[in-house]
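Summary of the model geometry
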Amino acid sequence: MNISEEVDKIAMRNLEHSKSNLIYLKVKLDNYLNDKNADQYLSHLYSSDINEDWFEAQCKSACNQIEKVTNEESKFNKYYQKILTENDLLLLTQELICDVSLLDQISGGRLALDNQVRRDNYLSSHQFFLHAKFSYFTKKYIAETTCRNFNFSTMPTLIRQSIEIKLKNMIGLEKVEKVGGGFKFVPINSLLDFFASNPNFIEFPVCIDLLKAINTWTNTFVHSGVVPFCWQSLEAVDLIESLFSIKDDVSGSLSLHGFTYLKSNVTISDIQVALNEHFNAEFTLNESSVEGCVVHS
């Protein structure tokens, strides 16, 4: 092996070598999870409470995402192997390898990895500013101010926006005003809490408690710039997929997943009255602007 090939392996520019590293890391993660109950890992994955359940959830989710990349028969590879470039896959493997190492470091070496990769766990304000400044360039090079990939690291922001806008579109929300006039701010977490406490209005294709947990988790990034583990973003995308997808994974036929499910005999007017009463406000919901509304019987 020549020096160039060795450098490529160290720098994680050799895809097959990186996949081998991921397989080794998955063994370490699986060994830690052995004999542990990780069935409910999703309920702990997006938690701010860093405890044993949270750590196990990270291990389980990391294993899920590594399996996608390293298993040639995985649904991920079957869907995307002809679309993703080698650079795309290299980026994904790099993120996974580095974040497993970071998980080991912040846990005090629970995984007992043979080698460590040091990396930042935040994006700087300069990085956001530079991307904003040059966002209108079709071809651009922006110097990274941390060792993080900006597009990958900002996934939580996009996830957060997708949930908020989707929920508002599902009920045709146009505006919220104080009783008697004037703008009233109702945050997305309050709307999610409302529908979680009033399950007789909409049958969500995604567990609403998970939506709430993901929304809270994304806010941590939006307000602090701290970058979560890459598998959290990937897992969140998988979990909320049915809010937006209209294709059945098995048959490929059109599915109602992704559309709004109004419970039987529920109208947009019913939701509007309940929102007004709960928030002591005046909600304007436009039924004609409801996104893909389907009455569920």
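Relevant structure appears above.
Residues numbered from 1 in each chain as written. Predicted model: local features only at pLDDT ≥ 70, side-chain atom pairs only at ≥ 80, totals over all residues. Heavy atoms only, no water.

Focus: the overall build of the protein chain
Spelled out, the test is: A helix here means a DSSP run of H or I that spans at least four residues, while a strand means a run of E at least two residues long, and both kinds are numbered starting from the N terminus. A contact between two residues is defined here by any heavy atoms of the two lying within 4.5 Å. Accessible surface area values rest on a Shrake-Rupley calculation with a 1.4 Å probe, where residue burial reflects the displayed protein chains alone.
When helices and strands are tallied, the protein chain shows 13 helices and four strands. The long-range fraction of contacts in the protein chain, counting pairs at least 24 apart against all pairs at least 6 apart in sequence, stands at 69%. Of the roughly 16300 Å² that the protein chain leaves accessible, carbon and sulfur atoms contribute 52%.

Concerning the side chain of Q127
Cut-off, in case you're wondering: When a residue's accessible area, from a 1.4 Å probe over protein chains only, is under 20% of the maximum for its type it is buried; when over 50% it is exposed; and in between it is partly exposed.
Relative to the helices and strands, Q127 resides in helix α7 (residues 125-133). For Q127, a relative accessible area of 0% translates into the label buried. With residues up to four places along the chain from it excluded, the contact list for Q127 reads I142, A143, E144, T145, T146 and F150.

Here's the deal with the packing of helix α2 (residues 15-33) against helix α4 (residues 52-70)
Worth spelling out the cut-off: Here an axis means a line fitted to C-alpha atoms, over the contact stretch when the element is a helix, while the angle between two N-to-C directions is reported on a 0 to 180 degree scale. For a crossing to be left-handed, the near helix must be turned anticlockwise from the far one by less than a right angle; the clockwise case is right-handed. Residue classes follow a fixed rule: Ala, Val, Leu, Ile, Met, Phe, Trp, Tyr, Cys and Pro count as nonpolar, while Asp, Glu, Lys and Arg count as charged, and any other residue, Gly among them, counts as polar.
At a minimum axis distance of 9 Å, the contact between α2 and α4 shows a crossing angle of 145°. Helix-helix and strand crossings are classified by hand; for α2 and α4 the assignment is left-handed. Of α4, the residues touching α2 (which contributes K19, L22, I23, K26, L29, D30, Y32 and L33) are E52, F55, E56, C59, K60, A62, C63, I66, E67, V69 and T70. Taken together, the residues that form the contact of α2 with α4 break down as 11 nonpolar, one polar and seven charged.

Structural notes on the pattern of salt bridges
Selection rule: Any carboxyl oxygen of Asp or Glu within 4 Å of a side-chain nitrogen of Lys or Arg constitutes a salt bridge here.
Throughout the structure, instances matching the rule amount to 12 salt bridges. Between E72 and K19 there is a salt bridge, and its shortest N-O distance comes to 3.5 Å. Of this pair, E72 sits in the loop between α4 and α5 (75-80) while K19 is found in helix α2, placing the two residues 53 residues apart along the sequence. If you follow the salt bridges from partner to partner, you end up with E95, D99, R119 and R148 in one network.

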